[in-house]
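Close look at the chain arrangement
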Amino acid sequence: MTTTFPDVTISTDRLVLRPFEEDDVTALTEMMNDENVTAWSSAPHPYTRADGHRWATRNAHTERTEGRGIVFAVTEFLTQRLVGIVRLKNTNWRTRSTEAGYVTAPWARGEGYASESVLAVAQWLFREQGFERLELRTAADNTASQQVAQKIGCISEGVLRNAWIVRTQTNDGSWTDARTDLIVWSLLPEDLDEADGFDTYGGYDSYATPGGHAPGSPFGLRPDATGHPVGADRK
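A brief look at the structure comes next. (Residues numbered from 1 in each chain as written. Predicted model: local features only at pLDDT ≥ 70, side-chain atom pairs only at ≥ 80, totals over all residues. Heavy atoms only, no water.)

1. Description of helix α1 (residues 25-32)
Every α-helix carries 3.6 residues per turn, so stepping three or four residues along brings you back to the same face. Stated formally: Note on classification: 1.4 Å probe, protein chains only; a residue is buried when its accessible area is under 20% of the maximum for its type, exposed when over 50%, partly exposed between these limits. A run of DSSP states H or I qualifies as a helix once it reaches four residues; a run of E qualifies as a strand once it reaches two. Both are numbered from the N-terminal end. The reported arc concerns the directions from the helix axis to the C-beta atoms and nothing else. Residue contacts are defined here by distance: any two heavy atoms, one from each residue, within 4.5 Å place the two residues in contact.
Three or more residues of α1 are buried, namely Val25, Leu28, Thr29, Met31 and Met32. One face of α1 carries all of its buried residues, which in axial projection span an arc of 165°. Looking at the buried positions of α1, the neighbouring elements they touch are α2 (35-40), α3 (49-65), β4 (82-92) and β5 (97-104).

This is the structure in structure tokens:
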């Protein structure tokens, strides 16, 4: 049984989703320090260039090679500018199910890039990888992320009470943790079949990532770039 995703790029009309590269570090670091990313994710704050380098050159790739999921750097087709991240995690190869999270850069919000990229990954996941379930979890007050889930056809399944920690900014500019509920969403292959012509998937190609990646888990307490649940797409 296959237990890793292939090393691929996915294209849509406007976007290219590909593995992270060292050249992404500067844009990634800037994006992850946005206040909405800080609020909705568990990514380190402040997010340093060292965090970005570790993610772009090692951690994101290890997600795939160790079978946990796959991470895509989302870029504009025309400019190659980094739009955001789509990440599949908590992959269960027996049940063919996985969980999606995403982050969108501040400058790219309001353009539909989040829904376009997550939908393209879902279409690839179901049509090319034979998966049967994609799950998203959104913080209760993160309405922008909920709109993305709804736009791509996800079904709301219920609420996990008091299940996540978000950050809120205090009057002095510092950040404090606060607990929140999570809304659980799911997308199945038949949900895409019933969608109203919303098909952005343009195909995929094999992609050879230059250089090797160290074996073994490089993850510490909070190593990931995106944190979870899905979000950081507020306008």
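2. Section: the pairing of β4
What counts, and what does not: Think of it this way: DSSP has to see at least two bridges between two strands before they count as a pair.
Counted residue by residue, β4 has 9 buried out of 11 residues, so it is predominantly covered. Linking strand β3 (residues 70-76) back to β4 in an antiparallel pair, the connection comprises 5 residues, with Gln80 at a positive phi of about 65°. Pairing geometry for β4 and β5, over 7 bridges, is antiparallel. Opposite Lys89, over in β5, you have Glu99 as the bridge partner. With antiparallel pairing between neighbouring strands as the criterion, β4 and β5 make up a hairpin whose turn holds 4 residues, including Arg96 at a positive phi of roughly 55°.

All we've got here are geometric facts, nothing functional implied.
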